[in-house]
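# Residue-level structure breakdown
The chain contents come next:
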Amino acid sequence: MSIDSEVSPCGALEDLLVLDLASELTAFCTKVLADLGAEVVRIEPPQGERLRYRAPYYHSVPHPEGSLHHLHFNANKRGITLDITHRQGADLLRRLIETADVLVEAYAPGYLASLGLGYGHLQAINPRLIVVSITPFGQESPYSQYLATDIIGEAMGGQMVINGFLVDPPVVAGAEQAYHMTGLVAAAGTMLAVTARDASPERGGAHVDISMQECVAMTTLQTANANYYAWYGAIPRRRELAPHMVNFHRCQDGWVSFFIQPVNWGSFTAWLQELGIETEVRGEVWADAYYRVANPQPVAKAVADLCSRFTQQELYHEGQRRGMLCMPINSIADVVADLQLNAWGAFVDVDYPELGECLRDVAPPFHATETPPRLRRPAPRLGEDNEAIYRERLGLSASELDALRAEGTI
Amino acid sequence: MTRARPLANIRILDFFWLIAGPLASRTLANFGAEVIKVESAHRLDQIRETGVFPAGEEANIDKNGVFNDCNTGKLSITLNVNRPKGRELCLELVKISDVVTNNFRPDRMDRWGLGYRDLVKVKPDIIMLSMPVMGTTGPLRNYGANGSVIPGAAGLNLLTGFPNRPPIGVGPLYSDFTSPYLAVTLILAALRHRDRTGRGQFIDVPQVPATVSLLGPAILEYTANGIVAGRAGNRRSDACPHGAFRCQGEDRWCVVAVETEEQWQRLCTAIGRPEMAADPRFATIEARKRHEDEVEAAVEAWTAQQVDLDAMHLLQAAGVPAGIVETVQDMLESDYGLRERHFTLVSQPDGTAFVTHKDPIKFVGRQETVDRAPIMGEHNEYVFKALLGLSEDEIVELMAEGVIY
């Protein structure tokens with residue numbers, strides 16, 4: 001049941017109340033749910049959750065309201081403060097649970113139970129509750145109590161070993177992709193549990209168990225398919241640093257990705273011919289796709305030669321015109337300026353009155369004719385919704401709230 | 001323990017192909033949906049042809065390891081929708097389906113007469129989800145790409161790796177694995193909306209914007225601060241040490257992520273360098289960042305003496321976040337927690353066995369596994385006969401005409 005009855009009925013999940021025991025591992029999952037219209041209430045300790053203290057900051061000024069991680073991940077959410085390690089804090093959480101649909105949390109397995117807030121405890125209060133537990137290794141792994149960050153998830157999930165070049169250490173993906181992939185899977189898992197509850201209301205809620213390591217492992221399914229090892233004993237690793245990298249080429253003003261589908265090989269060789277590029281790969285034997293896969297360097301060299309003659313944009317548009325899967329390798333500045341992304345609507349301006357400006361952020365990446373994403377509010381200030389939720393919703397008096405603040409529970 | 005099958009009453013008419021699409025309908029099938037994968041010899045799912053095959057079976061389109069992993073639990077029909085009769089049969093299937101999916105270029109379904117406008121005429125509450133590369137709208141909407149070029153266009157390549165190297169980005173075709181889970185969420189949200197309101201809808205979730213949405217803080221760093229984030233290898237501005245450190249053996253690495261001063265103190269003790277804990281040059285993250293080469297050298301001097309797993313366990317016991325760089329061999333043979341939870345062996349009737357990923361979505365207390373991917377056209381009889389009521393003769397004739405093909 002939603003707290004905010006004034007949410008416009010355009011969000012697909014507008015009737016759902018999601019409590020987010022805020023952490024880096026829950027942030028993206030609950031953002032996806034919030035962007036679909038769910039009422040997400042972010043619960044953080046009175047001094048603020050860790051994401052508020054991560055650089056980079058707005059104008060590089062460290063401030064708990066200015067962390068760009070916080071402003072990005074927590075837009076569209078409401079925010080209250082609560083210390084659940086205090087007995088009264090745990091009691092307040094139990095009261096919030098009574099009417100919640102989903103609780104998302106990322107504590108080490110067993111921790112919430114030790115506070116009397118485990119799945120069993122909470123289900124007794126609200127049999128319809130769905131608890132989504134997101135951890136680095138899952139509830140039952142031998143590593144379930146291990147500390148992990150994004151890089152550890154990428155390493156243990158098998159992705160780092162196939163990232164980068166053999167001459168270098170394994171390298172992590174940029175922009176914390178283990179956290180992001182985990183958030184996407186957890187959001188889908190939340191929706192599955194909601195669907196299950198809708199389908200069988202008598203069964204009540206469920207406990208969903210998401211492991212960052214497993215989520216990362218899914219991303220290795222093609223490049224490091226398990227059957228390479230099972231059938232051949234082959235262990236995929238990162239690439240050799242070759243003179244010409246297959247699929248990635250320098251051009252006059254940057255780099256492009258350049259993928260030639262077998263069906264368009266003729267179009268590529270025609271282009272080489274038009275440009276007067278003499279290369280062995282224009283020969284007949286190279287028309288065989290398997291031969292090209294077995295002998296990648298001459299092909300890569302020919303592509304490199306072609307790319308060296310053009311700018312990124314020239315290669316992009318002319319390549320696409322000729323059926324090549326060619327795209328620029330964009331910087332963040334290029335991405336924000338991109339013609340197609342802007343025309344499609346990939347960015348959204350978020351108004352931050354306290355900062356005195358609108359910030360352009362990435363928009364939820366979908367259009368839906370009935371339930372489009374909608375930005376309802378910017379990221380919450382610390383404790384911004386304490387009054388609304390503790391007083392209006394739970395009926396606490398002003399003096400009770402003051403007392404809770406004084407003892408550090410809120 | 002029973003399987004969780006919350007989608008048992010849902011039918012998906014599935015035009016997803018390659019990887020990004022099928023991994024979405026895979027999850028739906030894993031949790032009970034009847035997913036009818038529409039294939040055709042006329043338009044082969046290229047993933048059946050590229051990847052890993054059992055020895056001696058390189059030309060067998062039913063034996064591809066990646067295809068079998070991406071398409072667990074689905075049904076397969078062969079239906080040539082280029083033919084009017086094929087389109088007609090397809091629309092008959094739409095009438096009894098809840099969702100129609102595809103990841104083609106945006107004009108493809110329209111050109112077949114199977115666009116959203118066409119579908120709602122036969123089923124007004126149909127949900128159609130399209131996952132094109134660029135979008136259903138926009139001047140470059142018909143440009144093509146796959147998972148090897150999308151991350152670069154989205155900005156991920158220039159955020160990944162060591163700055164002096166070619167920007168090859170993330171090793172796997174990364175966007176192929178993220179986009180599908182977003183599609184799953186959107187499909188389930190749309191189904192729920194339909195159940196509550198009676199209204200279906202058209203959803204456009206393009207792969208390039210979806211990948212850009214995974215770079216949020218970097219986008220804000222540019223739009224708010226004017227800073228274009230670059231590549232930093234394994235380093236982070238707000239953690240030190242943070243990276244991969246060589247261990248004993250060939251290509252074995254321990255990853256360490258020290259995010260707090262307390263963890264730094266504990267690390268110094270664990271690696272036998274208590275004097276570093278007291279050294280003002282390393283007293284804070286900012287200070288350590290100024291001497292990062294020295295910090296990293298000290299860590300690697302220790303890890304180089306360790307077996308990677310020992311290093312991980314020792315550091316974790318000391319309260320320091322650490323892990324190892326696992327290979328597929330590690331994941332299958334020595335990481336027991338992962339292997340049992342995440343992998344399973346799925347067999348075809350003739351005995352070919354595939355090591356397959358289970359779904360990373362788990363319900364506590366429920367038995368989770370996956371069913372095998374379909375042989376091409378395996379379910380023609382079930383779908384055309386049992387679901388659509390065609391006779392045996394009609395089916396034979398449609399096969400001869402190249403419609404069921």
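On a predicted model such as this, the values are computed, not experimentally measured, just so you know. (Residues numbered from 1 in each chain as written. Chains lettered and ligands numbered in written order. Predicted model: local features only at pLDDT ≥ 70, side-chain atom pairs only at ≥ 80, totals over all residues. Heavy atoms only, no water.)

### Description of the overall build of chain B
Regarding its fold elements, chain B presents 18 helices and twelve strands. Considered along the principal axes of its C-alpha atoms, chain B spans approximately 85 × 50 × 40 Å. A total of 405 residues make up chain B; the buried ones form 65% of that total. Once local pairs closer than 6 in sequence are excluded, the contacts in chain B between residues at least 24 apart make up 69%. Entry remark: accessible area of chain B is about 13,900 Å², with carbon and sulfur atoms responsible for 51%. For chain B, the centre of its 43 positive side-chain charges and the centre of its 52 negative side-chain charges are spaced 6 Å apart. (Helix = DSSP H or I, 4+ residues; strand = E, 2+ residues; numbered from the N terminus. Buried < 20%, exposed > 50% of the residue type's maximum accessible area, 1.4 Å probe, protein only. Contact = heavy atoms within 4.5 Å. Areas by Shrake-Rupley, 256 points an atom, 1.4 Å probe, with all protein chains shown as cover. Lys, Arg positive; Asp, Glu negative; His and termini not counted. Charge placed at Lys NZ, Arg CZ, Asp CG, Glu CD.)

### Observations concerning the interface of chain B and chain A
Facing the 143 residues of chain B at the interface are 144 residues of chain A. Between chain B and chain A, a total of about 12,400 Å² is buried, with carbon and sulfur atoms accounting for 67% of that surface. Connecting chain B to chain A are 13 salt bridges. A salt bridge links Arg237 of chain A to Asp251 of chain B; its shortest N-O distance comes to 2.9 Å. It is helix 7 (residues 175-197) of chain B that provides the largest number of residues to the side of chain B that touches chain A, a total of twelve residues. Split into classes, the residues belonging to the side of chain B that touches chain A amount to 78 nonpolar, 40 polar and 25 charged. Across three bridges, the pairing between strand 6 (residues 206-211) of chain A and strand 12 (residues 361-363) of chain B is antiparallel. When the sheet's bridge partners are listed, Asp209 of chain A is paired in strand 12 of chain B with Lys362 of chain B. (Buried area = accessible area lost by both parts, 1.4 Å probe. Salt bridge = Lys/Arg side-chain N within 4 Å of Asp/Glu carboxyl O. Nonpolar A, V, L, I, M, F, W, Y, C, P; charged D, E, K, R; others polar. Pairing = 2+ DSSP bridges.)

### Comments concerning the environment of Lys385 of chain B
All names here are of chain B. Assignment of secondary structure puts Lys385 in helix 17 (residues 380-387). For Lys385 and Phe202, which are 183 residues apart along the polypeptide, the C-alpha to C-alpha distance reads 29 Å. With near-sequence residues (within four places) excluded, Lys385 lies in contact with Asn380, Leu390, Glu392 and Ile395. One polar contact links Lys385 to Glu392, side chain to side chain, over a distance of 2.6 Å. (Polar contact = N/O pair within 3.5 Å; in protein donor to acceptor, adjacent residues only side chain to side chain.)

### Regarding the side chain of Gln316 of chain B
Secondary-structure assignment places Gln316 of chain B in helix 14 (residues 308-317). The class of Gln316 of chain B is buried, set by a relative accessible area of 9%. Of the polar contacts made by the side chain of Gln316 of chain B, one reaches the backbone oxygen of Ala322 of chain B; its length is 2.8 Å. Setting aside chain neighbours within four positions, we find Gln316 of chain B in contact with Tyr146 and Leu147 of chain A together with Pro321 and Ala322 of chain B.

### What to know about the environment of Ile19 of chain B
One can find Ile19 of chain B in the loop between strand 1 (11-15) and helix 1 (22-30). Classification of Ile19 of chain B by relative accessible area gives buried; the value is 2%. For Ile19 of chain B and Asp350 of chain B, which are 331 residues apart along the polypeptide, the C-alpha to C-alpha distance reads 25 Å. If near-sequence neighbours (up to four positions away) are discounted, Ile19 of chain B is found in contact with Gln222 of chain A together with Ile47, Val66, Cys70, Leu173, Asp176 and Phe177 of chain B.

### Description of the confidence of the model for chain A
The predicted model of chain A averages 95 in pLDDT, with 98% of residues at 70 or higher. For residues 1-9 of chain A, every residue scores under 50 in pLDDT, and the model assigns this stretch 24 contacts once sequence neighbours within four places are set aside. (pLDDT = per-residue confidence, 0-100.)

### Some thoughts on the domain arrangement of chain B
Its domain assignment divides chain B into domain 1 (11-213 + 344-400) and domain 2 (242-332). Averaged C-alpha coordinates put domain 1 of chain B and domain 2 of chain B at centres separated by 42 Å. (Domains from an automatic or database assignment.)

### Brief notes about empty space enclosed by the protein
Tallied over the full model, the rule gives seven cavities of 30 Å³ or more. Within this model, the largest cavity holds a volume of roughly 120 Å³. If you go around the largest cavity, you meet 14 residues; those closest to its centre are Val32, Asp35, Pro364 and Pro365 of chain A together with Ser213 of chain B. Counting residues per element, the lining of the largest cavity draws most heavily on helix 1 (residues 27-35) of chain A, which supplies four residues. (1 Å grid on protein atoms, 1.4 Å probe; cavity = no way out; pocket = protein on both sides within 12 Å on 5 of 7 lines; lining within 4 Å. Points joined across faces, edges and corners; volume = space filled by probe spheres on them.)

### Section: the packing of aromatic side chains
One pair of aromatic rings is described through two measures. These are the centre distance and the angle between the planes. Tallied over the full model, the rule gives 18 aromatic pairs over all chains. Look at Phe15 of chain B and Phe104 of chain B: their rings are 6.4 Å apart centre to centre, the planes differ by 65 degrees, and that puts the pair in the edge-to-face class. You can see Phe15 of chain B sitting in strand 1 and its partner Phe104 of chain B sitting in the loop between strand 4 (99-102) and helix 4 (108-111), a full 89 residues away along the chain. Neither residue differs from the other here; Phe15 of chain B and Phe104 of chain B are each classed as buried. Aromatic ring contacts, followed pair by pair, group Phe258, Trp265, Phe268, Trp271 and Phe310 of chain A into a single cluster. Arg292 of chain A extends its terminal NZ or CZ atom over the ring of Trp265 of chain A, reaching a point 4.1 Å from the ring centre. Sitting over the face of the ring of Phe67 of chain B, Arg48 of chain B holds its NZ or CZ atom 3.8 Å from the ring centroid. (Phe/Tyr/Trp six-rings, centres within 6.5 Å; stacked < 30°, edge-to-face > 60°. Lys NZ or Arg CZ within 6 Å of the ring centre and 35° of its normal.)

### Observations regarding a negative patch on the surface
Residues and elements named next belong to chain B. Together, Asp393, Glu394, Glu397 and Glu401 make up a region of like negative charge exposed at the surface. Among the structural elements, Glu394 can be located in helix 18 (residues 392-400). Glu394 sits in the partly exposed class, given a relative accessible area of 38%. (Patch = residues over 30% accessible without salt bridge, like charges linked within 9 Å, V, L, I, M, F, W, Y side chains within 5 Å.)

### Let's talk about unusual backbone geometry
Omega for the peptide link from Ala55 of chain A to Pro56 of chain A comes to 0 degrees, which places this bond in the cis form. Considering the arrangement of structural elements, one finds Pro56 of chain A in the loop between strand 2 (39-44) and helix 2 (68-73). The amide bond that connects Cys240 of chain B to the next residue, Pro241 of chain B, takes the cis arrangement and shows omega of -5 degrees. Looking at where Pro241 of chain B falls in the secondary structure, it is placed in the loop between helix 9 (216-225) and strand 7 (242-246).

### Quick word on the sheet that holds strand 8 (residues 253-257) of chain B
All names here are of chain B. Taken in spatial order, the three strands of this open sheet run 7-8-9, and their pairing is antiparallel. A strand with exactly one partner marks an edge of an open sheet, and here the two such strands are strand 7 and strand 9 (322-324). Adjacent strand axes in the sheet meet at a mean angle of 25 degrees, parallel and antiparallel pairs treated alike. Summarising the sheet, strand 8 and strand 9 pair through three bridges and their orientation is antiparallel. Along strand 9, the bridge assignment pairs Val255 with Gly323. (Axes fitted to C-alpha atoms, helices over the stretch in contact; angles between N-to-C directions.)

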